[in-house]
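Here are the chains, one letter per residue:
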Amino acid sequence: MTGVSARNRGRRRVADAAVALLIALGTLVVLVPLFLVLWYLISSGISSIDWAFFTQLPAPVGREGGGVAHAIVGSLQLVGIASVIGIILGVGSGILVAEYPRNPIVAPVRLMSDVLVGVPAIVTGLVVYGAVVVAMGRFSALAGGIALGLIMIPYVVRATDEVLQLVPQSVREAGLALGLARWRVTLFIVLPAAVNGIATGVLLAVARVAGEAAPLLFTAFGNQFWSRGIDQPTAALPLVIYSYSIAPYPEWHRLASASSLVLVALILVTTLLTRLVFRKR
Amino acid sequence: MNRITGTDGVATGAGSPGGGRPLERRGGKGFAAGDNIFLGVLVIIGALILVVAGAYLVVLYQRGELALSTFGLGFLVSSDWNPVRGEFGALPFLVGTLLTSLGALILAVPLALASALFVTEYAPRWLAGPVSYLVELLAAIPSVVYGMWGIFVLVPFVRQIHLALLTTPGIGELAFIRTPPSGLGLFTAILILTVMIIPFTASVARDVITLVPAEQREAAYALGATKWEVLRTAVLPYARAGIMGGVILSLGRALGETMAVTMVIGNRTDLPDGLFAPTATMASIIANEFAEAVGNLHVSSLMLIGLVLFLLSIVINLLARWLIGRLAPRSVA
């Protein structure tokens, strides 16, 4: 009897250790691609990052050198337009959802913004093409910015909602007890208390859309030269990475990997910083 | 006369923060007006979000109507995609999307679960934080960057594997292996999707495992269970619905993932005839053909695929939310 149970216990211990090993190995397998991608970006991209990369247009095919200044400016422009849309609609709806939970429109707004999170970015590109590009008659930075803005909205709504929930109810009550109108309490007491958290959410949403190429393919469209205005097609870093890495020219591959490195560095620094700042509070 | 009073009331309520203050505090009417304007603006903004969500459906339907009326529901079961002859059927892309997504899920779920268990149950504190942060970083890398890495690293690698398999006696003769070894195709797309969806499954799994009550574990430990037995009999069954929600959420991600897949799948508009065969997904065909689509019917067919993708993603996300919500009301996902 004791022999059997001892053997049994031994087997259970072995199984336990085996599972622990498998789990550790599995985690390692998950992390390997991250390091492979980061290593690839650094090893192939860093040598191409110089002053020209940030200040010049791509050199004509067959010539060496050049940069992606037009795409960097384009990306900034697109993200700027997106942020205006994302912040106004996202923060506004977030305040509504968090501060007026009993308003009849809150439930559908919450549901729709949750639904929009899961919609593939390429579908947003199609919709903005159908609504904005067709109406304007051409691809434009504005259309691209709108597409990115639509993608940003649900993330900002959720962040605003969550941060506002964290503001203690007593703060609101204190404001109201002083005889302030509710809108003043919300705008000048509750929002300032939550503004860091909301800014974090907005920055994370910006970092997310800054790397999107799919919604820009047929809205911002891309451009080999400087964009001539908000109503004209514009280049963007993700679009440059896409079109240059599927092209057959080594010189373009070089620019694509450098662009990837810059883009990923910007995104990782933003997420890391916002995370650290948010942690401290 | 009436109108003037009305504007007056509004003006007092919304008044500049400096000038109107004493008036407001006394007048209950101005008080309410300010609140009403504020709430009104918020409601308009909220309504705009509903309008946007509705616009997705309306625009996709309107632009896809031509294809829908031309091909009917046969659009979904025809595998004939020929822009030159004006024949459009979405079956290859439905199949391509399904195969890449399910393939990626099969590979990703065990790995994601392992990493979730590692950070919640096995790792010491000093290691758990950084590891879960690194897993989350996988989600921060843009799709197009994965695609580029795919083209220059993964595709040559898969080509080597495929060549090795083709020259292995006994395996090389199998029909589903015997396609030209380009490295671009279904298998490469599955690999890259796996990497991209792991963080989504992992983060939901991690959150729901953390929510399993301590009593659940303690009871199992008290019965003399080993750590693995505790996990298997007490923790995982409790978290099952939530983990399933995370898996379905990842499925939603995989279905719509565009750039990386487009760059490595080979973009052939036929049904895949092997594990390594080039094919296309719904998202990749849109990304690849829409900008150069010729003719209304071609554009409309791609829009219709977009509509299918839209509806599919909504159903899947609502399902995932419902499953996750059953275990953890709010807080996750």
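Residues numbered from 1 in each chain as written. Chains lettered and ligands numbered in written order. Predicted model: local features only at pLDDT ≥ 70, side-chain atom pairs only at ≥ 80, totals over all residues. Heavy atoms only, no water.

Focus on the overall build of chain B
For chain B, the count of helices and strands is 12 helices and 0 strands. In sequence order, the secondary structure elements of chain B are arranged as α-α-α-α-α-α-α-α-α-α-α-α. Looking at chain B residue by residue over its 333 residues, the buried ones come to 51%. Within chain B, residue pairs in contact and separated by at least 24 positions form 71% of the contacts whose partners lie at least 6 positions apart. In the structure as shown, chain B presents an accessible area of about 14700 Å², 66% of it carried by carbon and sulfur atoms. (Helix = DSSP H or I, 4+ residues; strand = E, 2+ residues; numbered from the N terminus. Buried < 20%, exposed > 50% of the residue type's maximum accessible area, 1.4 Å probe, protein only. Contact = heavy atoms within 4.5 Å. Areas by Shrake-Rupley, 256 points an atom, 1.4 Å probe, with all protein chains shown as cover.)

Comments concerning the overall build of chain A
Helices and strands together make up the secondary structure of chain A, namely 10 helices and 0 strands. Ordered by position from N to C terminus, the α and β elements of chain A give α-α-α-α-α-α-α-α-α-α. Rg of the C-alpha trace for chain A: 25 Å, well past the compact-globule value of 19 Å for 281 residues, more than 25% over. Principal axes of the C-alpha set define a box for chain A whose edges measure 80 × 70 × 35 Å. Taken across its 281 residues, chain A has 54% of its residues classed as buried. (Rg over C-alpha atoms; globule rule 2.2 N^0.38 Å.)

Describing the packing of aromatic side chains
Under the counting rule described, the total for this entry stands at 14 aromatic pairs over all chains. An angle of 90° between the planes, with centres 4.7 Å apart, marks the rings of Y129(A) and F290(B) as edge-to-face. Residue Y129(A) is located in helix α5 (residues 121-136), and its partner F290(B) is located in the loop between α11 (282-289) and α12 (296-327); the two belong to separate chains. With a centroid separation of 4.8 Å and 75° between ring planes, the pair formed by W81(B) and F88(B) is classed as edge-to-face. Each member of the pair, W81(B) together with F88(B), is buried. An aromatic cluster of at least three residues, connected via ring pairs, comprises Y129(A), F139(A), F218(A), F221(A) and F290(B). Lying over the aromatic face of Y122(B), K227(B) brings its terminal NZ or CZ to 4.9 Å of the ring centre. (Phe/Tyr/Trp six-rings, centres within 6.5 Å; stacked < 30°, edge-to-face > 60°. Lys NZ or Arg CZ within 6 Å of the ring centre and 35° of its normal.)

Considerations on the nonpolar core
Across soluble globular proteins, nonpolar side chains have a tendency to be buried as a group. In terms of nonpolar packing, the biggest core is built from 189 residues, with I122(A), V123(A), Y56(B), Y146(B), I286(B) and I305(B) touching the most fellow members. For Y56(B), the residues in contact, after removing those within four places along its chain, are L116(A), V119(A), V123(A), T124(A), V127(A), L150(A) and F310(B). (Core = buried A, V, L, I, M, F, W, Y, C linked by side-chain atoms within 4.5 Å.)

Notes on the pattern of salt bridges
Residues and elements named next belong to chain A. Applying the stated criterion across every chain yields a total of 12 salt bridges over all chains. The residue R254 makes a salt bridge to E251 at a minimum N-O spacing of 2.8 Å. Of this pair, R254 and E251 are both found in helix α10 (residues 250-280), 3 residues apart, which corresponds to roughly one turn of the helix. Look at R254 and you get partly exposed, because its relative accessible area is 25%. On the basis of relative accessible area, E251 is assigned to the buried category, the value being 17%. (Salt bridge = Lys/Arg side-chain N within 4 Å of Asp/Glu carboxyl O.)

Quick word on the interface of chain B and chain A
Counting residues at the interface gives 84 residues for chain B and 87 residues for chain A. At the boundary of chain B with chain A, the tally comes to 2 salt bridges. Between R12(A) and E229(B) there is a salt bridge whose closest N-O contact spans 2.8 Å. Seen at the junction of chain B and chain A, the total is 10 residue pairs in polar contact (both at pLDDT 80 or more). With 20 residues, the single largest contributor to the side of chain B that touches chain A is helix α3 (residues 28-71) of chain B. Of the residues in the side of chain B that touches chain A, the class split is 58 nonpolar, 15 polar and 11 charged. (Polar contact = N/O pair within 3.5 Å; in protein donor to acceptor, adjacent residues only side chain to side chain. Nonpolar A, V, L, I, M, F, W, Y, C, P; charged D, E, K, R; others polar.)

Examining unusual backbone geometry
Residue and element names in this part refer to chain A. With a phi close to 75°, F221 is a non-glycine residue in the positive phi region. Relative to the helices and strands, F221 is located in the loop between α8 (182-210) and α9 (237-245). Taking relative accessible area as the criterion, F221 reaches 38% and is therefore assigned partly exposed.

Side note on helix α4 (residues 106-117) of chain A
Spanning 12 residues, α4(A) covers 17 Å between terminal C-alpha atoms, matching the ideal 16 Å at 1.5 Å per step. For α4(A), the complete set of buried residues consists of V106(A), V109(A), S113(A), D114(A), V115(A), L116(A) and V117(A). (Expected span 1.5 Å × (residues − 1).)

Observations regarding the side chain of T234(A)
Residue and element names in this part refer to chain A. Checked against the element boundaries, T234 lands in the loop between α8 and α9. Looking at T234, the relative accessible area reads 1%, which means it is buried. T234 has contacts with G74, Q77, L78, A141, A220, F221, G222, N223, S227 and L239, leaving out every residue within four places of it along the chain.

Examining a nonpolar patch on the surface
All names here are of chain A. Nonpolar side chains collect at one region of the surface, where L21, L22, L25, L28, V32 and L36 lie side by side and expose about 580 Å² of accessible area between them. Structurally, the position occupied by L21 is in helix α1 (residues 2-45). By relative accessible area, which is 56% here, L21 ends up exposed. (Patch = residues over 30% accessible without salt bridge, like charges linked within 9 Å, V, L, I, M, F, W, Y side chains within 5 Å.)

What to know about the environment of P199(B)
You can see P199(B) is positioned in helix α7 (residues 186-210). Among all residues touching P199(B), those that are not within four sequence positions of it are V135(B), L138(B) and A139(B).

A word on α5(A)
Residues and elements named next belong to chain A. In this model α5 runs 21 Å from its N-terminal to its C-terminal C-alpha over 16 residues, within 8% of the 22 Å that 1.5 Å per residue would give. Taken as a whole, α5 carries its principal kink of about 40° at Y129. Extensive coverage of α5 is indicated by the burial of 12 of its 16 residues. Along α5, the residues that are buried comprise A121, I122, V123, T124, G125, L126, V127, V128, Y129, G130, V132 and V133. G137 sits one or two positions beyond α5 and adopts a positive phi of about 85°. (Bend = angle between axes of the 7 residues up to and from the residue.)

Comments concerning the packing of helix α4 (residues 91-122) of chain B against α7(B)
Residue and element names in this part refer to chain B. Here α4 crosses α7 at 40°, and the two axes come no closer than 6 Å. Taken as a pair, α4 and α7 cross one another with a handedness that is right-handed. In terms of residue class, the contact of α4 with α7 is made up of 22 nonpolar, 8 polar and 2 charged. (Axes fitted to C-alpha atoms, helices over the stretch in contact; angles between N-to-C directions. Left-handed = near helix turned anticlockwise from the far one by under 90°.)

Describing the confidence of the model for chain B
Residue and element names in this part refer to chain B. Across chain B, the average pLDDT comes to 87, with 89% of residues at 70 or higher. Per-residue pLDDT, averaged within each element of chain B, yields its smallest value for helix α1 (residues 2-14) (36) and its largest for helix α10 (residues 259-264) (97). For residues 1-27, every residue scores under 50 in pLDDT, and the model assigns this stretch 24 contacts once sequence neighbours within four places are set aside. Confidence drops under a pLDDT of 50 for residues 329-333, and excluding neighbours within four residues, the segment shows 12 contacts in the predicted structure. Reported confidence for the predicted complex is 0.93 by ipTM and 0.90 by pTM. (pLDDT = per-residue confidence, 0-100.)

Some points on the packing of helix α3 (residues 69-99) of chain A against α8(A)
When two helices pack together, you describe them by how their axes are tilted relative to each other and by the distance separating the axes. All names here are of chain A. Across the interface, α3 lies against α8 with an axial gap of 9 Å and an inter-helix angle of 135°. Here α8 runs oblique to α3, going by the angle between their axes. Pair α3 / α8 crosses with right-handed handedness. Residues V79, S83, I87, V91, I95 and E99 of α3 lie in contact with α8, whose contacting residues are R182, T186, V190, L191, I198, V202, V206 and A210. (Parallel < 35°, antiparallel > 145°, perpendicular 65-115°, else oblique.)

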